[in-house]
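For reference, the chains in residue letters:
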Amino acid sequence: MASTPSHTPLSELTNTSLAYRKHSASPFDSLISTRHVKMDFNLFTGGVQHTPSSGQSHAIMDLFPTSFKVSLTLVFLVVVCKKLPAKPWPITVAGLPLYLTTDPDAEPMDCGLTGRGPKLSIDSSISRWHTPSMQAFQQIYGLFDSLNANINRIQWIASSFLALAAEPPYPEWRSRLPFLINNIRVGYVFGAQAIHEKALRCKVPAGREVDNEAYDVLRPGLMIASRASGDKDNSDVMTTSGICLQSPSGKKYVTVAKYGFPGGVGDQVLHPNRHGQVIAEVSKVFGETDIAIAELANVHYAKETFSAHDAPVSPFGNLLDIAELRVGDSILMDTPYNGHCEGITMKIDVLRLSPGGRPADEAEYVVGTFAYFGNGSDTLFDGCCGGVMWNEQHDLLGQFGYQQSGGDELSYCPSFNNLRRLGYTVADA
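In what follows, the accompanying structure is described. (Residues numbered from 1 in each chain as written. Predicted model: local features only at pLDDT ≥ 70, side-chain atom pairs only at ≥ 80, totals over all residues. Heavy atoms only, no water.)

## Topic: the pattern of salt bridges
Tallied over the entire structure, the rule returns five salt bridges. Note that R219 and E304 form a salt bridge whose closest N and O atoms lie 3.8 Å from each other. Pair noted here: R219 is in the loop between β13 (184-190) and β14 (223-229) and E304 is in the loop between β20 (291-296) and β21 (330-335), with a separation of 85 residues, a long-range link. Note on R219: relative accessible area 16%, which makes it buried. Taking the shortest distance from any N to any O, the salt bridge between R420 and D321 comes out at 3.6 Å. Of this pair, R420 sits in helix α4 (residues 417-421) while D321 sits in the loop between β20 and β21, placing them 99 residues apart in sequence. (Salt bridge = Lys/Arg side-chain N within 4 Å of Asp/Glu carboxyl O. Helix = DSSP H or I, 4+ residues; strand = E, 2+ residues; numbered from the N terminus. Buried < 20%, exposed > 50% of the residue type's maximum accessible area, 1.4 Å probe, protein only.)

See below:
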């Protein structure tokens, strides 16, 4: 039986405003404490997920009056209902990411087709529920190269790999590509479904309040713009300010979303809109990551974001090595459009930029994560791009990039790995 929740019941979820914003960023602010349903059992312990027992499944179904099926599919707790409850929905139940649906056959995440080739191995060790090292990913790429597989993206999903490419390497690929590497399952996705485009609304719905105030003290999570305007309606191209970094030479920069500054290097960064204060100038872009850095003008830029209601302000720590993140870990974000919100790490993603068949150094890989903000979430918009994402220890892992199309509602977050490798550190100005 479920224990008495230590938070507001599902039917009475309420929100609090962010304490230090001049305006509430959205009606969904500070769901962080009300979006996690705790039971008297935990299905995610020690970084490992557990299949619910019959009694635990019945306790979970008691939370959703019309539910009739509970299962663990990949990393999701899937609850099937005759009728979906009112939103907002919890992100997790008993420690697992929740996926609510009315379809008994729903698959919350594409795990690909399995190869029928031989079991293969690499030198690096791989353990379920532990993120593989970068060396392990590189060795797996080398293995696929030896098979002329043309794989350009490999994802880690807690206890399995997903290998992706634009097209199958040859007609008989299923009989030639391995179904296990170091006894870990490998799924394959080829074709258009392997390529995900942005699926964010261009405009925030009418009536939704956003934080478009001008602030004297700058920080992550503010509204920023370039001098460019939208193609259709001459509106501002809005994104979210990132983190202040110091280069090895001592210069101060702020991270921004590259796509929000179409002029590239030399484009001015303005707050809160294109008619506002010039706070920085784009000085470098990082290829396929959608991350750019802009050298700060003579401004004060803090290294902490806004505080949630009654919560202490904690400055950000370090740029996190993505290998330290595990599937199931919490990810936090704060933007002018959705306020303070939380997601769950669902995939570790390693994209290779160099052609297959030749060695690639670490700079030729783009490492990121895919996060899940709940399939009842309706809080992500184009303006969120560039918003930094961090873990519960306030170490930074990257910035919000885009939400996948195709219905699985995962959001891509390119990591700051390359910036960390180049010697950039978190600072204030």
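## Looking at the side chain of S124
Mapped onto the fold, S124 is located in the loop between β9 (117-120) and α2 (134-146). At a separation of 3.5 Å, a polar atom in the side chain of S124 contacts the side chain of Q135. (Polar contact = N/O pair within 3.5 Å; in protein donor to acceptor, adjacent residues only side chain to side chain.)

## Focus on the sheet that holds strand β1 (residues 36-37)
Across the sheet, five strands lie side by side as β1-β6-β7-β5-β4; this open sheet has mixed pairing. The two strands at the open ends of the sheet, each matched to only one other strand, are β1 and β4 (67-73). Across two bridges, strand β6 (residues 92-93) lies against strand β7 (residues 96-101) in antiparallel orientation. Considered in β7, the bridge of T92 is made with P97. Of the strands in this sheet, β4, β5 (76-81) and β6 touch helix α1 (residues 54-61), which is tilted by about 125 degrees from β4. (Pairing = 2+ DSSP bridges. Contact = heavy atoms within 4.5 Å. Axes fitted to C-alpha atoms, helices over the stretch in contact; angles between N-to-C directions.)

## Things to note about the pairing of strand β25 (residues 396-399)
Bridge count between strand β24 (residues 388-390) and β25: three bridges; the pairing is antiparallel. Opposite M389, over in β25, you have G398 as the bridge partner. Linking β24 to β25, which pair antiparallel, is a turn of five residues; within it H394 sits at a positive phi near 65 degrees.

## Let's talk about α1
Within α1, burial applies to S57, A59, I60 and M61. Check the buried side of α1 and you find it contacts β4, β5 and β6.

## Notes on unusual backbone geometry
Residue H271 is joined to P272 through a cis peptide bond whose omega torsion reads 0 degrees. Within the fold, P272 resides in the loop between β18 (268-271) and β19 (277-286). Positioned with a positive phi, A94 is a non-glycine residue whose angle comes to about 55 degrees. Relative to the helices and strands, A94 is located in the loop between β6 and β7. According to the relative accessible area criterion, A94 is buried, its value standing at 3%. Even without being glycine, W129 reaches a positive phi, approximately 75 degrees. Along the chain, the position of W129 falls in the loop between β9 and α2.

By themselves, these are just geometric observations and shouldn't be taken as functional.
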